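Reading the structure
Residues per chain, in single letters:
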Amino acid sequence: MAKSKYQKGSAIKVSRAYRIFTVCNNVLLALICAVMLYPFLYLIAQSFSSYEAIVAGKVGLWPVDFSLDTYVYVVTNGVFIPDYINTIIYSVVGTFCALFFSSLLAYPMSKQELWGNKIVGPLIIFTMYFGGGMIPNYLLMISLGLRDTVAAFILPGMISTYYVILMRSFFVTVPRELEEAGEIDGLNKFGVFFRIALPLSKPILATMLLFYLVQYWNNWFDAFLYLDTQDKWPVAYYLRNLISTSSSTSEDAGEAITIAANIKSCAMVLTAAPIICVYPFIQKYFVQGMMLGGVKG
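Residues numbered from 1 in each chain as written. Predicted model: local features only at pLDDT ≥ 70, side-chain atom pairs only at ≥ 80, totals over all residues. Heavy atoms only, no water.

Here is the rule we go by: UniProt positions are given in the numbering used here, feature names are shortened, and annotations may be inferred rather than shown by experiment.
The name that an unreviewed UniProt entry assigns to the protein chain is Carbohydrate ABC transporter permease, with the source organism given as Candidatus Eisenbergiella merdavium. Word for word, the UniProt comment on the protein chain under Subcellular location (unreviewed entry) is "Cell membrane".

1. Overview of the overall build of the protein chain
Heads up, the rule is: Secondary structure counts use DSSP, requiring at least four H or I residues in a row for a helix and at least two E residues in a row for a strand, with both numbered from the N terminus. Partly exposed describes any residue whose relative accessible area lies between the buried limit of under 20% and the exposed limit of over 50%, with all areas from a 1.4 Å probe on protein chains only and scaled to the type maximum. Two residues form a contact once any of their heavy atoms are found within 4.5 Å. The method behind every accessible area is Shrake-Rupley, applied with a 1.4 Å probe, and residues are considered shielded solely by the protein chains displayed.
In terms of regular secondary structure, the protein chain is built from 14 helices and zero strands. Written out in order from the N terminus, the α and β elements of the protein chain read α-α-α-α-α-α-α-α-α-α-α-α-α-α. In the protein chain, buried positions account for 37% of the 297 residues. If you take every contact in the protein chain between residues at least 6 apart in sequence, the share linking residues at least 24 apart comes to 72%. Looking at the protein chain as shown, the accessible area adds up to about 17900 Å², and 70% of this sits on carbon and sulfur atoms.

2. A closer look at the layout of surface pockets
Here is the rule: The definitions used throughout rest on a 1 Å grid laid over the protein atoms alone, on which a cavity is an enclosed set of points accommodating a 1.4 Å probe that cannot get out and a pocket is an open set flanked by protein within 12 Å on both sides along at least five of seven lines; lining residues are those having an atom within 4 Å of a point. Grid points are joined across faces, edges and corners, and a volume is the space filled by probe spheres set on the points. Residues are sorted three ways: Asp, Glu, Lys and Arg are charged, Ala, Val, Leu, Ile, Met, Phe, Trp, Tyr, Cys and Pro are nonpolar, and all the rest, Gly among them, are polar.
Counted as a void, the largest pocket has a volume near 320 Å³. If you list the elements that add at least two residues to the lining of the largest pocket, you get α4 (80-109), α9 (176-184) and α10 (189-197). Tallied by class, the residues present in the lining of the largest pocket amount to seven nonpolar, no polar and six charged.

3. Some points on the pattern of salt bridges
The criterion, for reference: We define a salt bridge as a contact between a side-chain nitrogen of Lys or Arg and a carboxyl oxygen of Asp or Glu at a distance within 4 Å.
A full pass over the atoms with the stated rule returns six salt bridges. Across the pair Glu179 and Lys111 runs a salt bridge, and its minimum N-O distance is 2.8 Å. Taken together, the positions of Glu179 in helix α9 and Lys111 in the loop between α4 and α5 (117-129) put the pair 68 residues apart, joining distant regions of the chain. The pair Glu179 / Lys111 is uniform in exposure class, with both members buried. Arg147 is the partner of Asp228 in a salt bridge, and the nearest nitrogen-oxygen pair spans 3.1 Å. Of this pair, Asp228 sits in the loop between α12 (221-226) and α13 (235-248) while Arg147 sits in the loop between α6 (134-143) and α7 (150-154); the two residues are 81 residues apart in sequence, bridging distant segments of the chain. Using a relative accessible area of 45% as the deciding quantity, one classes Asp228 as partly exposed. With a relative accessible area of 38%, Arg147 lands in the partly exposed category.

4. Some points on the packing of α4 against α5
Definition in use: Axis definition: a line fitted to C-alpha atoms, over the contacting stretch in the case of helices. Angles run 0 to 180 degrees between N-to-C directions. Any angle between 65 and 115 degrees counts as roughly perpendicular, while under 35 counts as roughly parallel, over 145 as roughly antiparallel, and the rest as oblique. Crossing handedness is defined as follows: a turn of the near helix away from the far one that is anticlockwise and smaller than a right angle gives a left-handed crossing, while the clockwise case is right-handed.
Interaxial distance between α4 and α5 falls to 10 Å at its minimum, and their mutual angle equals 135°. Here α4 is positioned oblique relative to α5, judged by the angle of their axes. For α4 against α5, the interelement crossing comes out left-handed. Contact residues: α4 offers Leu105, Pro108 and Met109, while α5 offers Asn117, Gly121 and Ile124. Considered class by class, the residues forming the contact of α4 with α5 number four nonpolar, two polar and no charged.

5. So, the UniProt feature "transmembrane region" (unreviewed entry) in the protein chain
UniProt records the feature "transmembrane region" (unreviewed entry) at residues 20-41, 88-107, 119-144, 150-171, 192-214 and 256-282, using the numbering of this structure. In this annotation, residues 20-41 is assigned 100% helix and 0% strand; the end-to-end C-alpha distance for the span is 31 Å. End-to-end, the C-alpha atoms of residues 192-214 are 30 Å apart, and along that stretch the chain is 83% helix and 0% strand.

6. Remarks on the confidence of the model for the protein chain
Put simply, the rule reads: Looking at any residue, its pLDDT shows the predictor's confidence there, from 0 to 100.
Overall, the predicted model of the protein chain reaches an average pLDDT of 81, with 85% of residues at or above 70. Low confidence marks residues 5-12, where pLDDT is under 50. Its contacts with residues over four positions away, or in another chain, come to zero contacts. Low pLDDT (under 50) marks residues 249-258, which in the prediction has seven contacts with non-local residues, meaning those over four places away or in another chain.

Now the structure itself:
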């Protein structure tokens, strides 16, 4: 009887401690969310505000003198939309190729019994810490005849060693019995990979999809290095030029800075909106993939 009372009292004490922890945790997370959301909400408010309100410094977290003039200007200036379309094409094609080739590399690495795996694996990891550098990569692109081509924008980021290691860790968790059953039914190695391993790897594939998609969507440096034709530039490079142009006007006139800030806010909102809209649909796979891919293996 005394033991049951002790257990009951302990349960009450733990419950109170848990409630205190939950309240503190929620308050902390709310503060972190507020700090992270404030810059984006400010950009949205500034992009929808009128020119006079921005000049007067009245814009906070809510638009003042609501106006769509900035969005109309950005969309109709003849540069943003073509660059936006380029980014969509590059991101879709690059993400698909990156997922395909990264999974083709990660799956054999998950097989410890594969001949040469103990040699190839460390060599692949070696590339995560040591690289040729920017100048050798630039010379390589020129020697391959890829400068000012779409391939020069997609190929450098197609396979990330860190992402391959995450995928390899997830493929280790795929039950070997299922693969053996597929081989008994007549599947070869590629059949086991495409019909068994990949369908069971939706969480890690969704995680890598988000990573690679963000990587290609926000990539402007490769365009700066390899793409000379303006018609091939992605929207991130357009945004970079917009920011650098507004910085160069800082010594000329305050009015020019204000107008550039208004356009920058609009361009940033339009650039970030697709990624923000995609994330909620793959969030559950993202968390599951990071937990399984990062812990096991």
